[in-house]
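Structural description and commentary
For reference, the chains in residue letters:
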Amino acid sequence: MKKIALTGIKPTGIPHIGNFLGSIQPALKLSESCEARYFVADYHALNSTKDPLAIREMSLQIAAAWLACGLDPDKGSLFTSRAECLKPFELLTILLAYTPKGLMNRAHAYKAMLQSNAEAGKDPDDGVNMGLFTYPVLMAADILLFDTDYVPVGNDQFQHVEMAVDIAQSFNYIHQCEAFRLPEPLAHETSKTVLGLDGRKMSKSYGNIIPIFAPEKQLRKLVMKIVTNSQGVEEPKDPDTCSVFSLYKCFATDDQIAMLRERYLAGGMGWGHAKQELFEVMNAQLSPYRERFEQLIADPGYINSVLQMGSDKARELASAKIKSLRSILGID
Ligand code: TRP
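Residues numbered from 1 in each chain as written. Predicted model: local features only at pLDDT ≥ 70, side-chain atom pairs only at ≥ 80, totals over all residues. Heavy atoms only, no water.

1. Regarding the pattern of salt bridges
For the structure shown, the criterion picks out 11 salt bridges. Of the charged contacts, one joins D156 and K201 as a salt bridge, the two residues approaching to 3.8 Å between their closest N and O atoms. Highlighted residues: D156 in the loop between strand 4 (150–152) and helix 8 (158–174) and K201 in the loop between strand 5 (184–186) and helix 9 (216–225), separated in sequence by 45 residues. Through salt bridges with shared partners, a single network forms among E35, R37 and K313. (Salt bridge = Lys/Arg side-chain N within 4 Å of Asp/Glu carboxyl O. Helix = DSSP H or I, 4+ residues; strand = E, 2+ residues; numbered from the N terminus.)

This is the structure:
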């Protein structure tokens, strides 16, 4: 039996290099050997965005991003939460009853909000809605509903997958059964080092992203904006503490990486040159995806038909799972 890989992306911003390296690229690699279930986590976006037009537009872009980067539409592995008949939300209600509140108190995203509120002298729960607080349980529902083995995600999502395991174990233990398969998070090696323009982790909330499909000119402009230190051309530079080099490693071949490393260490290379090298490897890899993305985004009817096919298949699988859970719960 093929292993099952599942991941989702929230449509809260345009698809960026962090999504590409952390989730899309490793997920596509996995889809060669696993049964893939990849989705647009549209309802999930409501916790932070209330703008219907933005959710619709970004959902379309995320779906187009998956397809442009190479997800095979004929395998029916791309869907949205909304079209999948809301089964994750039924499972969410079940799982909430098996989730200790204390587990949610320990979630990094929630704790970060408490801390930033404390630093701003605000009420600890200012701006925290219950969707955000219980988000790890919703993610657990997405994952457990499909008997997922692997969840390709960036490091920031690891804790969520670990929580899904905790919740699944609690259910299995209480009912003395193997109702839920225990998932494993998988990080792309380089997802540890996807840094944004300002040297912090690339994230839509920091406003430091590089869009995957930025037109060539904009891509070059953004790469040139990456913050570096103020060392002069002649000085030798440290590749291991440099955001430009860390991104270069994600796009270049081993030989190219070794060569640029030498140029860093030798001195005589300015930041402009390093950035030009980075732009070239990024552009070479991304330009075919960009072209495909532009064609796809011009044809929303096609994207929606792919999503429909994937959602039909997901709904069938999800309904069977919920049926078996209801019988364990005695509410069938
Ligand atoms: N939390 C992910 C994000 O922020 C999206 C997501 C929702 C997800 N459900 C998931 C990822 C299940 C992996 C598995 O983009």
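2. Considering the side chain of S59
As for its placement among the helices and strands, S59 is situated in helix 2 (residues 52–68). Among the polar contacts made by the side chain of S59, one reaches the main-chain carbonyl oxygen of I55 at a distance of 2.7 Å. (Polar contact = N/O pair within 3.5 Å; in protein donor to acceptor, adjacent residues only side chain to side chain.)

3. Section: the layout of surface pockets
Computed from the structure, the largest pocket encloses a volume of approximately 1,500 Å³. Lining of the largest pocket is provided by 49 residues; of these, K10, D156, Q157, S203 and K204 occupy positions nearest its centre. Elements supplying a minimum of two residues to the lining of the largest pocket: strand 1 (4–9), helix 1 (17–30), helix 5 (108–119), helix 6 (130–133), helix 7 (135–144) and helix 8. Residue composition of the lining of the largest pocket, by class: 21 nonpolar, 22 polar and six charged. (1 Å grid on protein atoms, 1.4 Å probe; cavity = no way out; pocket = protein on both sides within 12 Å on 5 of 7 lines; lining within 4 Å. Points joined across faces, edges and corners; volume = space filled by probe spheres on them. Nonpolar A, V, L, I, M, F, W, Y, C, P; charged D, E, K, R; others polar.)

4. What to know about the site of the ligand
Among the 15 residues in the neighbourhood of the ligand, the closest are listed as K10, Y135, M139, D142 and Q157. Separating an oxygen atom of the ligand from a backbone N or O atom of K10 is a distance of 3.2 Å. Contacts to the ligand include D142, whose side-chain N or O atom sits 2.7 Å from a nitrogen atom. In isolation the ligand offers 360 Å² of accessible surface; the protein chains occlude 92% of this area. Placement of the ligand is best described as lying within the largest pocket. Among the elements of the structure, strand 1 and helix 7 are those that each provide at least two residues to the shell around the ligand. Of the residues in the shell around the ligand, the class split is nine nonpolar, four polar and two charged. (Near = heavy atom within 4 Å. Areas by Shrake-Rupley, 256 points an atom, 1.4 Å probe, with all protein chains shown as cover. Sits in = over half its atoms within 2 Å of the grid points.)

5. Observations regarding empty space enclosed by the protein
Summed over the entire model, instances satisfying the criterion amount to one cavity of 30 Å³ or more. Here the largest cavity defines a volume of roughly 30 Å³. Lining the largest cavity are F39, F79, E84, P88, D142 and F146. A breakdown of the residues in the lining of the largest cavity according to their chemical character gives four nonpolar, no polar and two charged.

6. Some thoughts on the domain arrangement of the chain
For the chain, the domain assignment lists domain 1 (4–99 + 134–195 + 300–329) and domain 2 (213–292). The distance between the C-alpha centroids of domain 1 and domain 2 comes to 33 Å. Taken together, the contacts link 11 residues of domain 1 with 11 residues of domain 2. Buried area between domain 1 and domain 2, summed over both chains or domains, comes out near 1,100 Å², and the portion from carbon and sulfur atoms is 72%. (Domains from an automatic or database assignment. Contact = heavy atoms within 4.5 Å. Buried area = accessible area lost by both parts, 1.4 Å probe.)

7. Considerations on the packing of helix 10 (residues 243–251) against helix 11 (residues 254–266)
Put simply, helix 10 and helix 11 touch, their axes get as near as 10 Å, and they point 165 degrees apart. Viewed along their axes, helix 10 and helix 11 adopt a mutual orientation that is roughly antiparallel. As for how helix 10 packs across helix 11, the hand of that crossing is right-handed. Here helix 10 contributes V244, F245, Y248 and K249 to the contact with helix 11, which in turn contributes Q256, I257, L260, R261 and Y264. Of the residues in the contact of helix 10 with helix 11, the class split is six nonpolar, one polar and two charged. (Axes fitted to C-alpha atoms, helices over the stretch in contact; angles between N-to-C directions. Parallel < 35°, antiparallel > 145°, perpendicular 65-115°, else oblique. Left-handed = near helix turned anticlockwise from the far one by under 90°.)

8. Considerations on the pairing of strand 2 (residues 35–40)
With five of six residues buried, strand 2 is to be regarded as a mostly interior element. Both strand 1 and strand 2 contribute to a ladder of six bridges, which runs parallel. For I9, the partnering residue across the bridge sits in strand 2 and is V40. In this sheet, strand 3 (residues 78–80) lies alongside strand 2 in parallel orientation, the contact comprising three bridges. (Buried < 20%, exposed > 50% of the residue type's maximum accessible area, 1.4 Å probe, protein only. Pairing = 2+ DSSP bridges.)

9. A word on the environment of Q231
Within the secondary structure, Q231 sits in the loop between helix 9 and helix 10. Note on Q231: relative accessible area 25%, which makes it partly exposed. Q231 sits 40 residues away from W271 along the chain, and the two C-alpha atoms are 8.4 Å apart. Q231 has contacts with P236, K237 and W271, leaving out every residue within four places of it along the chain. There is a polar contact of 3.3 Å between the side chain of Q231 and the backbone oxygen of P236.

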